[in-house]
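# Descriptive structure summary
The primary structure of each chain is shown beneath.
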Amino acid sequence: MWKCVCGEFNNDDLEFCVSCERPRLGDAGPQAKKEKQLTTRSMFRRIQDFILFDIAFCAMVALYCVSVEHIGNLLPPERFGRIEVPESLKTTLPIIAIILFQILLAINVLRMVYNSALNSEKNTLFLQRIYQMLKENEKKKRDDE
């Protein structure tokens, strides 16, 4: 745990304060990890990025489907010759691409939610331990008096 200038205690893995978002001024400690934990705000920002990328990808697939359907109008047969597009390229491959991309999106979102839940559980256990230590210190002070 490290303490920010604003007084907030933060997890060692975080580089920014959770409440005021100031960067960590001290060193990262002897065991700096490569994996960074996400705050709730950054997690939702990443989910928004995934969704926007998903919309853009689906729009590109829809544009591909429209262009393949009307390729005879786009490229006149008298100039470019007759263009035959297999039926699988018209229907099956775009559907497979969209399904695989949706699965990838769902897996990434679930991974972020899972990591967030693990981080929350670790913080809860840590705070419970601090609370127990404070109660023990109060009990020792009472016994000493």
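Check the entry above for the structure.
Scope of this entry: the structure provided in the associated data block. Quick caveat, the model's predicted, so the values are computed rather than measured.

What counts and how
Residues numbered from 1 in each chain as written. Predicted model: local features only at pLDDT ≥ 70, side-chain atom pairs only at ≥ 80, totals over all residues. Heavy atoms only, no water. Helix = DSSP H or I, 4+ residues; strand = E, 2+ residues; numbered from the N terminus. Expected span 1.5 Å × (residues − 1). Buried < 20%, exposed > 50% of the residue type's maximum accessible area, 1.4 Å probe, protein only. Bend = angle between axes of the 7 residues up to and from the residue. Contact = heavy atoms within 4.5 Å. Axes fitted to C-alpha atoms, helices over the stretch in contact; angles between N-to-C directions. Parallel < 35°, antiparallel > 145°, perpendicular 65-115°, else oblique. Nonpolar A, V, L, I, M, F, W, Y, C, P; charged D, E, K, R; others polar.

Looking now at helix H1 (residues 40–69). Counted at 1.5 Å a residue, the expected span for H1 with its 30 residues is 44 Å, and the 43 Å between its end C-alpha atoms agrees. Taken as a whole, H1 has its buried residues at Ser42, Met43, Ile47, Asp54, Val61 and Val68.

As a further point, take helix H4 (residues 87–144). Taking 1.5 Å per residue, 58 residues should reach 86 Å; H4 reaches 86 Å between its end C-alpha atoms and fits that length. Leu93 marks the point of greatest bend in H4, at about 30°, and the proline Pro94 comes within the next four residues. Among the residues of H4, those classed as buried are Pro94, Phe101, Leu105, Asn108, Met112 and Asn119. Where H4 is buried, its residues touch H1.

What follows deals with the packing of H1 against H4. Between H1 and H4, the shortest axis-to-axis distance is 10 Å and the interhelical angle comes to 180°. Relative to H4, H1 is oriented roughly antiparallel. Of the residues that constitute the contact of H1 with H4, the class distribution is 20 nonpolar, three polar and four charged.

Just geometry here; none of it tells us what the structure is for.
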